[in-house]
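# An overview of the molecular structure
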Amino acid sequence: MARPWQMKPWPYLRKDGRKSWRIGYRDHESRVHSKAFGSSQAARQWMGDYMDAERRGKDSLMRFLLDLDAQEQNAVHDGGDGLVLGEVVQLYLAHNGPEEEDGLARSTYASYRHIANLYLLGHPRHTRRHEELPPHPFAQRMALTPIAQFNDPHPSRAFWDEMLRAQVPREARGHARRVLSAILSWAASTDLVPELHTNGCKLANEQRSTRRRSARRGDARQRHGAGAESWALSALAVEHVRAELLRRTGPQRPLLRAQREAMVVSMEYGLAARNQEVYGQRWANADGDVMHFVEVIASGYLDEGKTAGSTPRSSLMPACLVEDLARWKLALEDAGCPTRPCDFIIPGDLVSARHGLREGEGDGSHFTRAQADKWGPKYFRPAVRKVADTVEGMANIADAKPYSLRRGGMTARVRSEDAQMVVGECGTSLDMLNRHYSFALAEYRRKGPQPLDEIWREARERVFGSADPLQPPPATHT
């Protein structure tokens, strides 16, 4: 638990001869601050209030330090005169945290807070090496803009133009505008911000495009032909990647650990699932050839699904995946690892008990945020690059990412299954299927319908032959 501390000397003797009692403390973002009081009693009372707020969580601490309760009362009783965007952003984050009944999912909340800090509140930026950079000047101006001005579309248009001039990446610009729009929509619907009665960001609905036609054609090429091979992995590519992961064993990386990484690949592809959904699966969720999606691991903690309809849902598993799960469960039991209904299929404590996270007594251990974040760059990407470099016909998968497994599994399923059923079992929508998967389906239009399990078995036979698909295959067998 974080505790404030008394700053020496205690008390501090000011130049005018008066005394002040100074407290050092860390805010909700771990930045160090100080605060002075006119008496030791007031200082100790504030320290106690700080620790009470900190025990209730980071968002409660933020409310206490920013005195948001007083701000909300002023907004209600005094008409909210003088509220600026920065204050409204803080109100939004305080009222929409993951612990609130209708709050944001943990990962979404963390993403919104990060974007708001950079582009709406003007907090300092940091390089990949954690070196501090000055805040964006436009973000500091945005934070001080009176919220009443956002009834009009002009501030939102200016915000976009200033991000362009500051060379903010295109994806970040789009995300920042979505976060701003979400905050304005919330503010317009609550009596805490009476000055705002509409979301001016939605009024600035002009189509913005900064890409030349040639660049757009380049994006299209990436998702067709050779580019589609890394965007949505084929079953053959999946099996080669699994085989490479299984070969990566040694004194510091036992076979059981390599098998765990290969099982992540099997589950993401066979279930056409997001990685956070795979990490949240328990043995209790596997019911014969059906997998039930109940929880996900978001920002390192158990949570509800990413989108409406993502959980709870159920998905039919291909026979290849059912067999892989049975082999994996047997391998865990042979190694003395628990496989109770409450245990996670992808355990976080496979290497040692100090790894992973248990959220309750007697509960299973799941991946922490650090384990989830490093799985792609540490395990998946090196295996993909090795396959692209060494296996004939696989050079085009070099840019594949973990999400390529989900795209590949979904694309394969739609080849032989009803699209409405696929989107329901995969937790997506027909619109997303049309916008992001139709290009890959076009690659198979001459091949005709073929079930996922049939496609997968053919690929597995080519890579593993008759060997156990959870054991490293011969290096020469392609």
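Cut-off values and rules
Residues numbered from 1 in each chain as written. Predicted model: local features only at pLDDT ≥ 70, side-chain atom pairs only at ≥ 80, totals over all residues. Heavy atoms only, no water. Phe/Tyr/Trp six-rings, centres within 6.5 Å; stacked < 30°, edge-to-face > 60°. Helix = DSSP H or I, 4+ residues; strand = E, 2+ residues; numbered from the N terminus. Buried < 20%, exposed > 50% of the residue type's maximum accessible area, 1.4 Å probe, protein only. Core = buried A, V, L, I, M, F, W, Y, C linked by side-chain atoms within 4.5 Å. Contact = heavy atoms within 4.5 Å. Pairing = 2+ DSSP bridges. Axes fitted to C-alpha atoms, helices over the stretch in contact; angles between N-to-C directions. Nonpolar A, V, L, I, M, F, W, Y, C, P; charged D, E, K, R; others polar. Salt bridge = Lys/Arg side-chain N within 4 Å of Asp/Glu carboxyl O. Parallel < 35°, antiparallel > 145°, perpendicular 65-115°, else oblique. Left-handed = near helix turned anticlockwise from the far one by under 90°.

### Let's talk about the packing of aromatic side chains
Applying the stated criterion across every chain yields a total of 10 aromatic pairs. Seen in terms of ring centroids, tyrosine 119 and phenylalanine 138 are 6.4 Å apart; in terms of plane orientation they differ by 5°. Their pairing is stacked. Here tyrosine 119 is found in helix H5 (residues 106–119), whereas its partner phenylalanine 138 is found in helix H6 (residues 137–143), with 19 residues between them in sequence. Across the pair, exposure class does not vary: tyrosine 119 and phenylalanine 138 are buried alike. Between phenylalanine 138 and phenylalanine 159, the aromatic rings sit 6.1 Å apart at their centres with planes inclined by 55°, giving tilted as the arrangement. Placement of the pair is phenylalanine 138 in helix H6 and phenylalanine 159 in helix H7 (residues 154–165), with a sequence separation of 21 residues. Accessibility expressed as a relative area gives 1% for phenylalanine 159, which makes it buried. Through a chain of ring-to-ring contacts, three or more aromatic side chains come together here, namely Tyr25, Phe37, Trp46 and Tyr50.

### Section: the nonpolar core
Core analysis: the biggest nonpolar cluster contains 57 residues, and Met267, Leu325, Trp328 and Ile397 have the highest contact counts within it. Where this core is concerned, the elements lending two or more residues are helix H12 (235–247), helix H13 (255–270), helix H14 (275–279), strand E8 (290–293), helix H15 (319–334), helix H16 (369–390), helix H17 (403–414) and helix H21 (452–464). Considering each element in turn, this core owes the most residues, eight residues, to H12. With near-sequence residues (within four places) excluded, leucine 325 lies in contact with Met263, Met267, Trp283, Met291, Met317 and Ile345.

### Some thoughts on the pairing of strand E4 (residues 32–37)
The pairing of strand E3 (residues 19–26) with E4 spans six bridges and is classified as antiparallel. Within the sheet, the bridge partner assigned to tyrosine 25 lies in E4 and is histidine 33.

### Considering the packing of H13 against H21
H21 packs onto H13 with a crossing angle of 150° between their chain directions and a minimal axis gap of 12 Å. Here Ser266, Tyr269 and Gly270 of H13 come into contact with H21, specifically with Leu452, Trp456 and Arg460. Of the residues that constitute the contact of H13 with H21, the class distribution is three nonpolar, two polar and one charged.

### Details of the pattern of salt bridges
Pairing is possible between side chains that carry opposite charge, provided their charged atoms lie close to one another. One pass over the full model with this rule turns up 22 salt bridges. Of the charged contacts in the structure, one is a salt bridge between aspartate 52 and arginine 55, with a shortest N-O distance of 2.8 Å. Remark: arginine 55 and aspartate 52 occur in helix H1 (residues 40–55); sequence separation between them is three residues, near one turn of the helix. Close ionic contact of arginine 282 with glutamate 295 constitutes a salt bridge, the shortest N to O distance being 3.0 Å. A residue pair is termed long-range when its members are at least 10 positions apart, and arginine 282 in the loop between H14 and strand E7 (286–287) and glutamate 295 in the loop between E8 and strand E9 (296–298) qualify at 13 residues. Its relative accessible area of 12% is what places arginine 282 among the buried residues.

### Looking at the packing of H12 against H21
In the contact formed by H12 and H21, the axes pass within 8 Å of each other and the chain directions differ by 40°. Relative to H21, the element H12 lies oblique. The interaxial crossing formed by H12 with H21 has right-handed handedness. Contacts between H12 and H21 involve Ala235, Leu236, Glu239, His240, Arg242, Ala243 and Leu246 from the first element and Ile455, Trp456, Ala459, Arg460, Arg462, Val463 and Phe464 from the second. A breakdown of the residues in the contact of H12 with H21 according to their chemical character gives nine nonpolar, one polar and four charged.

### Notes on the pairing of E3
Pairing of strand E1 (residues 5–6) with E3 involves two bridges; the strand directions are antiparallel. Residue pairing in the sheet places glutamine 6 in a bridge with isoleucine 23 of E3. Note: strand E2 (residues 12–13) against E3, two bridges, orientation antiparallel. Bridging from a neighbouring strand, tyrosine 12 pairs with serine 20 of E3. Count of turn residues in the E2/E3 antiparallel hairpin: five residues, of which glycine 17 carries a positive phi of about 90°. Count of turn residues in the E3/E4 antiparallel hairpin: five residues, of which serine 30 carries a positive phi of about 70°.

### Points about the sheet that holds E8
Here three strands make up an open sheet; going across it, the order is E7-E8-E11 and the pairing antiparallel. Strand pairing shows two members of the sheet lacking a second neighbour, E7 and strand E11 (313–316), which therefore form its edges.

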